[in-house]
Amino acid sequence: MSKPRVLYWFRTDLRLHDSPALKAALDLKPEAFYPIWCWDSHYVYHSRVGPNRFQFLIDCQNDLSQSITKLNKNSKLFVLREPAVTLLPKLFKAWKISHLVFEKDTDAYAKDRDAQIMEQARKAGVEVIVRSGRTLWDSDEVVKVNKGKPTMSISQLQAAGAKVGEIEPVVETPKSLPDPGDLELDIEQTQPKPDWDMNEQFRDAKETSYSSGIAGPNNDFAVPTLEELGMKPATSPHKGGETIVLKMLDSILADEDYTGTFEKPKTSPAAFEPQSTCLTSPHLHFGSLSCRYFYHKVLEIVEKRRKAKQSVSDPPTSLTGQLLFRDMYFAAQASLGYSFGQTYNNSHCRFIPWHLPSKVDVTSGLVTGGYEVDDPGKEVWLKRWAHGKTGFPWIDAIMRQLRQEGWIHHLARHSVACFLTRGGAYISWERGAEVFEELLIDHEAACNIGNWQWLSCTAFFSQFFRCYSPVAFGKKWDDNGDFIRRYVPELKGMPKKYIFEPHKAPIQDQKKAGVVIKGDGEEAEIDGVVCYPKPMFDFPTQRDICLERMKNAYRVGLYGNDAKVLDGTWKKAFADGAEGPTEGKKGGPGGLSVCEDTDGGEEVNGSDEVNHDVTSPPAKAKKAQAGGSRATPMKGQSDSPRVTRGHKREHSQSTLEDSFKKKAK
DNA sequence: TGGTGGGTTGTGTAT
DNA sequence: CATACACAACCCACC
């Protein structure tokens, strides 16, 4: 029998340390070992990925590639410019592959893709080895012991985890790697032909990462660059890569007081340079840091301190607790699949008649990526929120930090998410999740969706009367307003007294501070004076409206998979004068508006109100059909050759970003 | 089974 | 300055 020839497929496990899948591959003692990455058009075109997260990915890939080369000068991370579903069957033959090995992936899209790949491997006679390593416990195992149900609380996750068993111990980092085999590739590249490009807004130039063949412009399987993606340089100061994060982790662990007594709710969302938490989340996302390694290392310190009778923190607030929450969201996603990422047809997400609800393809039961503009004014609110121009300095500082740096503190996320949804604008959490998906370097579909549901009180959490104030909450952490002055420089001269509510500053004080508080965020200057917008609404008024509506929605008690939601008759239950879609005339089944199934996306029964974003938009709310993916996108949009879906309408839409850019000029 | 206490991360006021 | 409580009332685990 001939020796194994192994294709090791790196995905979100961009590391050499503590990788059960990598160990399984090396245990085969292969005669040829190909560490590869498939440059997936799902990621390039069909997921919302801004330059900051792309750069972070590229950093991780380059670092890993160098680490591989250090172990074997003939090897590297071979980046192949083609999606896996078309590429791998060809590679199996070209490189005479006997084994395909990868770490188990968890989100709905990846599961579909991997199922296809495993079928292709079976047909090609290639043995597939899959190991879990992305979460503390295998999420499918957690779901199984939780009776198939999603883990909706941390206690459920802990109970299920205990039943699954001990968290796997750390796997040794390889000290050497086998040679790759022959690298000749006499195969035709199947170039993805995207029908639309979700990241067009981020590109100054043409996207060319596929145009120079499978091995890239220098024929050396190099990692693509942002330039090739046609993107502007990243603006985030945070860098990716296993080497960097292992050093970061060392310094975190060296501070045993910090590590051992960490309590998340006591860390400040307003701290910058340095931040109050450890910035490991993007590394956990890309797998440049193993969550299990992190967990065991922290636990060692906690146990050591416990023995020494030193103070320690425990889940859920401790560092290990944060990793448990991550597992909770992963297992919830594993149970619910695509429906986890949306309200419609989600058995565990409360139905609340938010503004700007997602459009739904009723034949598939999945969101289309578009949304209904039930009220142009709410569209303006969404844009102002997304661009940090709400007129609430605390909110704006956070949103600008997010856009610039790609990372904000967890409590800052709470504050802005509450503000957009149940505690302010009453806009669908799905809109907020999309903006975070674009901008966060640590965007993890399961965690992002889960946290948005949490904050909007649609799942995981329900105490909607606990409402964050855009003024009081910020003051608690940043009484002096330094965080605001850092990210909202218009206000850097504003005295402490008015920094959280600059519109309350008398005009003389505004002049002295070198800023005028005026308008709605469209002008940067008025008559040569720097301008900062007035608040986009009266917060106490909006809070009261939201509380009232949340109470009503809870009383009605519908979930996303309720028959009344699925067929649109939910409106009858909300006939008591709530605004927007709850008035009952607008929107199609589900009240979430309908996108006719497969091609073109014409409305089935939308009234003319439903689609004014397509025709002539109101002056205030230029169309913003941000052709969004859910983090768990609909099936037809995958790289799958099975289905193609027209997306012309969304494609031709300008985006949130575009319309704001135009105004800025 | 129904009552009860707790729930990583609210606010404003009173003591 | 810290602590307690009302606010109006949620879900859920557990006894």
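Rules used in this analysis
Residues numbered from 1 in each chain as written. Chains lettered and ligands numbered in written order. Predicted model: local features only at pLDDT ≥ 70, side-chain atom pairs only at ≥ 80, totals over all residues. Heavy atoms only, no water. UniProt positions renumbered as here; feature names shortened; annotations may be inferred. Helix = DSSP H or I, 4+ residues; strand = E, 2+ residues; numbered from the N terminus. Buried < 20%, exposed > 50% of the residue type's maximum accessible area, 1.4 Å probe, protein only. Contact = heavy atoms within 4.5 Å. Near = heavy atom within 4 Å. Polar contact = N/O pair within 3.5 Å; in protein donor to acceptor, adjacent residues only side chain to side chain. Nonpolar A, V, L, I, M, F, W, Y, C, P; charged D, E, K, R; others polar.

K.L.:
Which residues make up the UniProt feature "site: Electron transfer via tryptophanyl radical" (unreviewed entry) in chain A, and what values do they have?
P.N.:
Taking the numbering used here, the UniProt-annotated feature "site: Electron transfer via tryptophanyl radical" (unreviewed entry) corresponds to Trp354, Trp429 and Trp452. In summary, the annotated positions, though distributed over 99 residues, converge in three dimensions, the widest C-alpha pair being only 13.4 Å. By the secondary structure assignment, Trp354 is in the loop between α12 (319-336) and β6 (358-361). For Trp354, a relative accessible area of 3% gives the class buried. Looking at where Trp452 falls in the secondary structure, it is placed in helix α17 (residues 445-455). Ignoring anything within four residues of it in the chain, the contact list for Trp452 reads Trp385, Ala417, Leu420, Thr421, Trp429, Gly432, Ala433 and Phe436.

K.L.:
I'd like a rundown of the protein's contact with DNA strand B, residues and numbers included.
P.N.:
Near DNA strand B lie 19 residues; those nearest to it are Phe325, Leu411, Cys467, Ser469 and Phe473. Here, DNA strand B places atoms within 4 Å of the protein, and 40% of those atoms are sugar or phosphate. In the environment of DNA strand B, a base oxygen lies 3.4 Å from a nitrogen or oxygen atom belonging to the side chain of His410. A distance of 2.9 Å separates a phosphate oxygen of DNA strand B from a polar backbone atom of Ser469. Elements with a minimum of two residues in the surface near DNA strand B: α12, α15 (410-420) and α18 (472-477). Tallied by class, residues from the surface near DNA strand B come to ten nonpolar, six polar and three charged.

K.L.:
Go over the protein's contact with DNA strand C with me, naming the residues and quoting the values.
P.N.:
Inspection of the region around DNA strand C gives Ser155, Gln156, Arg350, Ser462, Gln463, Lys551 and Tyr554 as its neighbouring residues. When atoms of DNA strand C within 4 Å of the protein are split into backbone and base, the sugar-phosphate part holds 87%. Between DNA strand C and the protein, one listed contact pairs a phosphate oxygen with a side-chain N or O atom of Gln156 at 2.6 Å. Between Lys551 and DNA strand C, the recorded distance is 3.4 Å, taken from a side-chain N or O atom to a phosphate oxygen. Listed by contribution, the elements that provide at least two residues to the surface near DNA strand C are α7 (154-164) and α21 (539-556). When the residues that make up the surface near DNA strand C are grouped by side-chain class, the tally is one nonpolar, four polar and two charged.

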